[in-house]
Amino acid sequence: MPRLHRALALIGLLLLSYEACAQKLRLVADAWPPFTDSTLINGGLATDIVSTALARAGYATDFEQVPWARAMLGIGEGRYDVLVNAWYSEERTHIGRFSAEYLLNRVRFIKRKDEAIQFDSLQQLRAYPIAVVRGYAYAKDFDEDPKMQKVPVHNFAMAVRMLAADRVKLTLEDEFVARYYLARESPKVRSAVEFLPKPLSENSLHILVSLKNPEHEQIVAGFDREIAAMKADGSYARLLKAHGM
């Protein structure tokens, strides 16, 4: 009889372990190509990296795309487990636990190749009209500089076409985002422009795991461990290449 009890107990433990493994983490993000977008391969670059790292850590995942405000609210309330694409802020630590950096967002200026424009300080750029997307926050110093000649446009595609046509002298965008949209422009536009070397700003990208999930610390630890392993074994670089980066 004791053997039967031990066998039943072992079966019970196995069933509990299976149930825990079968539970899926609910990933969420807004549409932000090429990082997160349900129309892209595996949900975009960031979604692919995050879901791959979590799978290696032993977690199955489902991805849902919703507006940013709904995603943040859902993380705070525990309706979602993992926000895929979060910049660090102290305020957000009250609703979730941040991972280490897994991508770096660099906002860079773009000029025409035939222009000899240099950027070491913002003061150097005040003489040039710069196409900016309405409502977009680039960097505090740039956004609040009243001497910048900002030309508001609807989107980056319009900005880079104006730049190629010499209607403005500069535009700017996150490097990954810019490369994504430039790949969809005509060869004439792509061949006419280039990045300035120095970034305007850099922001590290993290996952934010809801504090409502009782395993938030373990999830973050497993994610960070597997991102490091992916960078070491080359699978991280292969994901970047698969997404055209």
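Just so you know, these numbers come straight off a predicted model, no measurement behind them.

Draft legend 1. Up close: the overall build of the protein chain. Within the protein chain one finds 9 helices and 9 strands. With respect to the three principal axes, the spread of C-alpha positions in the protein chain is 90 × 35 × 30 Å. Going through the 245 residues of the protein chain one by one, you find that 45% of them count as buried. In the protein chain, of all internal contacts separated by at least 6 residues, the share reaching a separation of at least 24 is 71%. Within the structure as shown, the protein chain displays about 13100 Å² of accessible surface, and the carbon and sulfur contribution to it stands at 55%.

Draft legend 2. Representation of the pairing of strand β8 (residues 170-174) in the model. Buried residues dominate β8, accounting for 5 of its 5 residues. For strand β6 (residues 129-133) and β8, the ladder comprises 2 bridges, and the chain directions are parallel. What sits directly across from A131, in β8, is T171.

Draft legend 3. Local environment of the pattern of salt bridges. Summed over all chains, the structure comprises 16 salt bridges. Note that D114 is salt-bridged to R112, the shortest N-O span being 2.7 Å. With relative accessibility at 55%, the residue D114 sits in the exposed group. On the basis of relative accessible area, R112 is assigned to the buried category, the value being 16%. In this structure, the salt-bridge partner of E175 is R179, at a minimum N-O distance of 2.9 Å. Highlighted residues: E175 and R179, both in helix α6 (residues 175-182), separated by 4 residues, approximately one helical turn.

Draft legend 4. Quick look at the UniProt feature "domain: Solute-binding protein family 3/N-terminal" (unreviewed entry) in the protein chain. Per the UniProt annotation, the sites labelled "domain: Solute-binding protein family 3/N-terminal" (unreviewed entry) are residues 24-245. The annotated region residues 24-245 carries 34% helix and 29% strand content, and the separation between its end C-alpha atoms amounts to 29 Å.

Draft legend 5. Looking closely at the environment of L103. Structurally, L103 can be placed in strand β5 (residues 103-112). Here L103 falls in the buried class, since its relative accessible area comes to 3%. C-alpha separation for the pair L103 and F35, spaced 68 residues apart in sequence, amounts to 9.8 Å.

Draft legend 6. Spotlight on helix α8 (residues 216-233). A rise of 1.5 Å per residue sets the reference length of α8, with its 18 residues, at 26 Å; its end C-alpha atoms lie 26 Å apart and thus fit the reference within 8%. Residues of α8 that are buried include every one of H216, I219, V220, G222, F223, E226, I227 and M230, and no others. Viewed along the axis of α8, the buried residues span an arc of 165°, placing them on a single side of the element. Those residues of α8 that are buried lie in contact with β1 (24-29), α2 (45-56), β4 (96-98), β9 (193-210) and α9 (235-242).

Draft legend 7. Layout of the confidence of the model for the protein chain. On average, residues of the protein chain score 91 in pLDDT, and 91% of them are at 70 or above. The lowest-confidence element of the protein chain is helix α1 (residues 2-22), averaging 49 in pLDDT; the highest-confidence one is α8, averaging 98.

Draft legend 8. Here's a closer look at the nonpolar core. Formed by 33 residues in total, the largest nonpolar core has its most connected members in F109, I130, F142, L172 and L200. Those elements that provide at least two residues to this core are β5, β6, α5 (156-164), β8, α6, α7 (187-192) and β9. A per-element tally of this core places α5 first, with 6 residues. Residues contacting F109, with those up to four places away along its chain left out, are F119, L122, L125, I130, F142, L170, T171, L172, E194, F195, L196 and L200. If you look at the next biggest cluster of nonpolar residues, it comprises 30 residues, including W32, A46, I207 and L240.

Draft legend 9. Representation of unusual backbone geometry. Residues P33 and P34 are joined by a peptide bond in cis, for which omega reads 5°. Within the secondary structure layout, P34 lies in the loop between β1 and α2. For N42, which is not a glycine, the phi torsion comes out positive at approximately 55°. For N42, the position within the fold is in the loop between β1 and α2. Of note in this structure, D166 is not a glycine but carries a positive phi near 65°. Accessibility expressed as a relative area gives 37% for D166, which makes it partly exposed.

Scoring rules and cut-offs
Each chain has its residues counted from 1, running along the sequence as written. pLDDT decides what is reported in this predicted model: residues at 70 or higher carry local features, side-chain atom pairs at 80 or more are listed and counted, and totals for whole chains, interfaces and linings draw on all residues regardless. Side-chain figures throughout are based on the complete set of non-hydrogen atoms in the structure, without hydrogens or water. For helices the rule is a DSSP run of H or I covering at least 4 residues; for strands it is a run of E covering at least 2, with both sets numbered from the N terminus onward. Remark: exposure states derive from per-residue accessible area (1.4 Å probe, protein chains only) relative to the maximum for the residue type, with buried under 20%, exposed over 50%, and partly exposed in between. For this analysis, residues touch if any pair of their heavy atoms sits within 4.5 Å. Method for areas: the Shrake-Rupley scheme with a 1.4 Å probe, in which residue coverage is limited to the protein chains shown. By this definition, two strands are paired if DSSP reports at least two bridges between them. Whenever a carboxyl oxygen of Asp or Glu lies within 4 Å of a side-chain nitrogen of Lys or Arg, that contact is scored as a salt bridge. UniProt positions are given in the numbering used here, feature names are shortened, and annotations may be inferred rather than shown by experiment. In this scheme, a helix's expected span is set at 1.5 Å multiplied by one less than its residue total. Arc, as used here, means the arc of the directions from the helix axis to the C-beta atoms. In predicted models, pLDDT denotes the confidence assigned by the predictor to each residue on a 0 to 100 scale. Take the buried residues of types Ala, Val, Leu, Ile, Met, Phe, Trp, Tyr and Cys, join any two whose side-chain atoms come within 4.5 Å, and each joined set is a nonpolar core.

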